Amino acid sequence: MTFEQVVVINHGLKVTDLAWSVQTNLHSIPRQIRLFTAGGDRKIRLLTSDLKDSTHITVIGEHRDYVNAIASNPELGSSVASVSDDRTCRVWPIPYSDDPTISFALSSPGMAVCWHPLEPSKIMVAEKNGTIRFYSVITQQAFMSLDCCQAPLLSADWCRFNPLTVAAVAGSDWYVFDTSQSSLPLENRTVHSGGGQLISWSLSHDHLFATTGRPGSLVKVFYLRTNRVILSVERKIVNGLSWHCRQPIIAVGSDSTVHLYLVENV
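Residues numbered from 1 in each chain as written. Predicted model: local features only at pLDDT ≥ 70, side-chain atom pairs only at ≥ 80, totals over all residues. Heavy atoms only, no water.

J.: So what's going on with the overall build of the chain? Residues and values would help.
T.: The number of helices and strands found in the chain is 0 helices and 23 strands. Scaling as 2.2 N^0.38, a compact globule of 266 residues should have a C-alpha radius of gyration of about 18 Å, and the chain matches this with 18 Å. Within the chain, buried positions represent 48% of all 266 residues. Put simply, of all contacts in the chain between residues at least 6 apart along the chain, 39% involve residues at least 24 apart. In the form shown here, the chain has an accessible surface area of approximately 13300 Å², with 48% of it arising from carbon and sulfur atoms. Averaging the locations of the 22 positively and 23 negatively charged side chains of the chain gives two centres separated by 4 Å. (Helix = DSSP H or I, 4+ residues; strand = E, 2+ residues; numbered from the N terminus. Rg over C-alpha atoms; globule rule 2.2 N^0.38 Å. Buried < 20%, exposed > 50% of the residue type's maximum accessible area, 1.4 Å probe, protein only. Contact = heavy atoms within 4.5 Å. Areas by Shrake-Rupley, 256 points an atom, 1.4 Å probe, with all protein chains shown as cover. Lys, Arg positive; Asp, Glu negative; His and termini not counted. Charge placed at Lys NZ, Arg CZ, Asp CG, Glu CD.)

J.: Give me the environment of G194: which residues, what numbers.
T.: Relative to the elements of secondary structure, G194 occurs in the loop between β16 (187–190) and β17 (195–201). Counting along the chain gives 21 residues from G194 to D173, while the straight-line C-alpha distance between them is 9.9 Å. In contact with G194, not counting residues within four places along its chain, are R214 and P215.

J.: Pulling in residues and values, what's your account of the side chain of S202?
T.: One can find S202 in the loop between β17 and β18 (208–214). Since its relative accessible area comes to 0%, S202 is described here as buried. A polar contact is formed between the side chain of S202 and the backbone nitrogen of H205, at a distance of 3.2 Å. Setting aside chain neighbours within four positions, we find S202 in contact with F161, L208, F209 and W243. (Polar contact = N/O pair within 3.5 Å; in protein donor to acceptor, adjacent residues only side chain to side chain.)

J.: Summarise the sheet that holds strand β15 (residues 173–178); cite the residues concerned and give the values.
T.: Pairing is antiparallel across the open sheet formed by 4 strands, whose spatial order is β13-β14-β15-β16. Pairing within the sheet leaves two strands with one partner each, and these edge strands are β13 (153–158) and β16. This sheet shows a mean twist of 15° between the axes of neighbouring strands, independent of strand direction. Sheet analysis places β15 next to β16, joined by 4 bridges and oriented antiparallel. Looking at the pairing, V176 lines up with E187 of β16. (Pairing = 2+ DSSP bridges. Axes fitted to C-alpha atoms, helices over the stretch in contact; angles between N-to-C directions.)

J.: I'd like to hear about the nonpolar core, residue by residue, with values.
T.: Counting residues in each nonpolar core, the largest one holds 17 residues, and the members touching the most others are M124, I132, L153 and V166. When residues of this core are traced back to their parent elements, those giving at least two are β9 (110–115), β10 (122–127), β11 (131–136), β13, β14 (165–170) and β15. (Core = buried A, V, L, I, M, F, W, Y, C linked by side-chain atoms within 4.5 Å.)

J.: I'd love a proper account of the pairing of β17, names of residues and values included.
T.: For β17, the tally of buried residues reaches 5 of 7 residues, placing the bulk of the element in the interior. As paired strands, β17 and β18 are joined by 6 bridges and run antiparallel to one another. Within β18, the position partnered with W201 by the bridge is F209. Joining the antiparallel neighbours β17 and β18 is a turn of 6 residues.

Printed below as a string of structure tokens:
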């Protein structure tokens, strides 16, 4: 497999999380890359590049403690949400916008944040104590919550194909919720005896999700319809995972290498 390096951006310090903006364009003129990042200095930045000689890095906000996750608004890319160990979720407007910064107080450190796949005025925030809350950025109020009844919760994700479905990893188990039925899990299963770390829904299949966890650095892919593991691999280090936007292919970051796995027989 080959790849083309299109641009190198010097961020200047550790990146703790990043999120693509939908304003990124690589298919027509003018081409540009737009990324939001969370840095080790607790600041949120917007990176913009024309893939030639113009690159801009703009600080758009700062938390008081470590930033655990960020997510870009999926409709316009006009704002980015972030969660932190400072027990807040904040929604930051992009530079030169007239929109205000919004802050939601949390009861424990925020570990994951997602925008609703179809209604970009709603966000989901997962807290370390096992609680998942849903907020409206219009009313700036919470309107629903879920409970894993276990901690620590380290990751959660909203299903792109069925926004009523949410998945999370807390302790050694994964949890799947149907928000139309109950605030308690519809299903759960022990998956990583040493603790789960990440969970991510496939972007091409509504019953497929992946988890990472300990012991070791295990990556597992589950097919929810039959409740079976269809892929299980171990790497020395796992620093992140991401699904292909149209195919059942998962990318796993591991020790300066990206490993790609095709999930078959789904």
